[in-house]
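Understanding the architecture of this molecule
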Amino acid sequence: MKIFRPTADNKPTDFLNPLGEDRNEAKGEIRGEAPFVEQTRQQFEKIKQNETDQIRFQQKKLQNSNYQIVNIQIKPTALTLNLGYYFDNYNTATAVGTPLADGVLFGQNPPTGTIEVSEAKYYNIVYANVRFNQSAVAGVNIEPSSFVEFYLMQKIAGGGNTLGGKIPRQIEACGVANNTNTFTTEGTEFGVQSFGVDVYNENAYYTQTEELKGMRCCGIALKQILLNFDTTIQIDNIELMVELGIDLSTEGNNY
């Protein structure tokens, strides 16, 4: 066996063994990342994804219904007069992009009482009903024509501790007048989206199918109330019970 002694005359190749290995190189040294490290990482990512999918699956199973009822009570407390009817307009002159008043914002229920419109949630309304609460004014019956109208609400630019704003109509439409009729399709009242509910007959259904998904909004605000009674009552005793059917599966941050 040849024994190498380091001298000034030695060549670099003198330190290679017969197999060509560098004697100064550590045995088992890995250059770059070992394949098993990448495999372990991929397995870990798959486990995390499977756990996430399992949680979503379980939550979906636990949520046996996508149908949620939002209950709202409306009491017109501005008047204390005894009348046989009640009529009032709300938010008529409120422009698009300006916060509405007298409404309900979805996805917000802060314990401090401060709302933030930018954090509201959009849902699709698929059913609406308004009921006159006779228990508040015993013996009084509602008469036709009686209805409540609401503006659909969207988030407003810049956010803020306010309700949302009106939603402009998404298609072009114009009115054509014949004889003495007048059609108005523009402005802060008719150029935006709203809906009404007949209080006398009750129930307004907004069918949801694969093609039609109801009315999308992040809340509602009052547009108009008209109530007729079969006798005079003190107006601030009126109670209107609103029911909104919401499709929970349509929750989102955007219109």
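Up top is the structure these notes are about.
About the criteria used
Residues numbered from 1 in each chain as written. Predicted model: local features only at pLDDT ≥ 70, side-chain atom pairs only at ≥ 80, totals over all residues. Heavy atoms only, no water. Salt bridge = Lys/Arg side-chain N within 4 Å of Asp/Glu carboxyl O. Helix = DSSP H or I, 4+ residues; strand = E, 2+ residues; numbered from the N terminus. Buried < 20%, exposed > 50% of the residue type's maximum accessible area, 1.4 Å probe, protein only. Contact = heavy atoms within 4.5 Å. Phe/Tyr/Trp six-rings, centres within 6.5 Å; stacked < 30°, edge-to-face > 60°. Lys NZ or Arg CZ within 6 Å of the ring centre and 35° of its normal.

**Describing the pattern of salt bridges**
A full pass over the atoms with the stated rule returns three salt bridges. Ionic pairing is found between lysine 75 and glutamate 239, a salt bridge with its closest N-O pair at 3.8 Å. Taken as a pair, lysine 75 in the loop between β1 (67–74) and β2 (82–89) and glutamate 239 in the loop between β10 (219–234) and β11 (240–252) lie far apart in primary sequence, 164 residues in all. Owing to a relative accessible area of 15%, glutamate 239 belongs among the buried residues under this scheme.

**Here's the deal with the environment of valine 96**
Along the chain, valine 96 turns up in the loop between β2 and β3 (103–105). For valine 96, a relative accessible area of 42% gives the class partly exposed. Aside from chain neighbours lying at most four places away, what touches valine 96 is Gln154, Lys166, Pro168 and Val192.

**Observations regarding the packing of aromatic side chains**
Scanning the entire structure with this criterion turns up four aromatic pairs. Centroid distance phenylalanine 106 to tyrosine 123: 6.2 Å. Interplanar angle 70°. Geometry classified as edge-to-face. Linking phenylalanine 106 in the loop between β3 and β4 (122–132) with tyrosine 123 in strand β4, this pair joins segments that are 17 residues apart in sequence. In terms of burial, phenylalanine 106 and tyrosine 123 fall into one category: buried. Lysine 166 extends its terminal NZ or CZ atom over the ring of tyrosine 151, reaching a point 4.3 Å from the ring centre.

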